[in-house]
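For reference, the chains in residue letters:
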Amino acid sequence: MNIKANKKFIVIIALILVNAVGFTSARYYFSTHIESNQVSTNFFQRFNQASPAMINPSKFLEFGLDLLKNIGK
């Protein structure tokens, strides 16, 4: 086998293995997690105290597009 193809194959296998381990650990965590019908008010307090610039999703999109533009340079 070509050395480049062998390295790509190893990377693909490693990513699949990490994905499988993450999936099983998340499944185990959420199967043992006690569900509550109440939503934590702490989240809403932090959300209300955050600045509008942090909440605006268009800023995140603009930031992501700038990152993609800078990758090619």
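Scroll up for the structure.
Small disclaimer: the values here were computed from a predicted structure and weren't measured. (Residues numbered from 1 in each chain as written. Predicted model: local features only at pLDDT ≥ 70, side-chain atom pairs only at ≥ 80, totals over all residues. Heavy atoms only, no water.)

A. Quick look at the overall build of the chain. If you tally the helices and strands in the chain, you get four helices and zero strands. Residues classed as buried in the chain amount to 0% of the 73 residues present. When the accessible surface of the chain is split by element, carbon and sulfur atoms take 66% of a total near 7400 Å². (Helix = DSSP H or I, 4+ residues; strand = E, 2+ residues; numbered from the N terminus. Buried < 20%, exposed > 50% of the residue type's maximum accessible area, 1.4 Å probe, protein only. Areas by Shrake-Rupley, 256 points an atom, 1.4 Å probe, with all protein chains shown as cover.)

B. Region of interest: a nonpolar patch on the surface. Together, Leu 61, Leu 65, Leu 68 and Ile 71 make up a nonpolar patch on the protein surface, roughly 440 Å² of accessible area in all. Structurally, Ile 71 can be placed in helix α4 (residues 57-71). Of the residues examined, Ile 71 reaches a relative accessible area of 65% and is grouped as exposed. (Patch = residues over 30% accessible without salt bridge, like charges linked within 9 Å, V, L, I, M, F, W, Y side chains within 5 Å. Salt bridge = Lys/Arg side-chain N within 4 Å of Asp/Glu carboxyl O.)

C. Region of the structure containing helix α1 (residues 3-32). Taking 1.5 Å per residue as the helical rise, α1 with its 30 residues ought to reach 44 Å, and the 44 Å between its terminal C-alpha atoms agrees with that figure. Of all 30 residues making up α1, only zero are buried, and the element is barely covered by its neighbours. (Expected span 1.5 Å × (residues − 1).)

D. Focus on the packing of aromatic side chains. According to the stated counting rule, one finds one aromatic pair in the structure shown. Centroid distance Tyr 29 to Phe 30: 5.0 Å. Interplanar angle 75°. Geometry classified as edge-to-face. Among the residues examined, Tyr 29 registers a relative accessible area of 45% and is labelled partly exposed. Residue Phe 30 is classed as exposed on the basis of its relative accessible area of 56%. (Phe/Tyr/Trp six-rings, centres within 6.5 Å; stacked < 30°, edge-to-face > 60°.)

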